[in-house]
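# Survey of secondary and tertiary structure
Listed below, chain by chain, are the residues.
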Amino acid sequence: ILSYHTEIVMRHYRLSQDVYVEMFADEAILFVANLDVMLTVNAAAAELFEAARSVLADRPFTRGECTSFLLDTYDMTPDQAERQTLSLLSFGLRNHIVIKKGDPCQ
């Protein structure tokens, strides 16, 4: 009988260190410098990015840690925080604000 060893790799992410935030009255621009891309977001999204960056700096995080951060920081249910995490990671990965790492040592 063949025995297979499967290892679950928990995805780790990092916030890009190449993102700069310029706040305006009710919106903000996230400038992804290494790609020369500017994204317009609402002020709440920019404040969330800044809050996450102040907590995380350059350390890797998991999806669960992101959800916990949202639960600790905002008034939302666990289900809302999980949905928001998926949305944030999807937006962040598409726009190179969040970088996916397969190995926490990377």
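Structural data are supplied above this passage.
Bear in mind the structure is a predicted one, so any value in this text is a computation, not a measurement. (Residues numbered from 1 in each chain as written. Predicted model: local features only at pLDDT ≥ 70, side-chain atom pairs only at ≥ 80, totals over all residues. Heavy atoms only, no water.)

### Brief notes about the sheet that holds strand S3 (residues 27–32)
- Judged by pairing direction, the sheet is antiparallel, and its 3 strands sit side by side in the order S2-S3-S4 without closing on themselves. The sheet is open, and its two edges are formed by strand S2 (19–23) and strand S4 (37–42), each paired on a single side. Going across the sheet, the axis of each strand differs from the next one's by a mean of 25°, ignoring polarity.
- Judged from the 6 bridges that link them, S3 and S4 form a sheet pairing that is antiparallel. (Pairing = 2+ DSSP bridges. Helix = DSSP H or I, 4+ residues; strand = E, 2+ residues; numbered from the N terminus. Axes fitted to C-alpha atoms, helices over the stretch in contact; angles between N-to-C directions.)

### Some remarks on helix H1 (residues 43–56)
- A rise of 1.5 Å per residue sets the reference length of H1, with its 14 residues, at 20 Å; its end C-alpha atoms lie 20 Å apart and thus fit the reference within 8%.
- Considered for burial, the residues of H1 that qualify are Ala43, Ala46, Leu48, Phe49, Ala52, Arg53 and Leu56.
- Buried positions along H1 lie against strand S1 (12–15), S2, S3, S4, helix H2 (63–73) and helix H3 (78–94).
- In the segment just after H1, alanine 57 is the residue with positive phi, at about 55°. (Expected span 1.5 Å × (residues − 1). Buried < 20%, exposed > 50% of the residue type's maximum accessible area, 1.4 Å probe, protein only. Contact = heavy atoms within 4.5 Å.)

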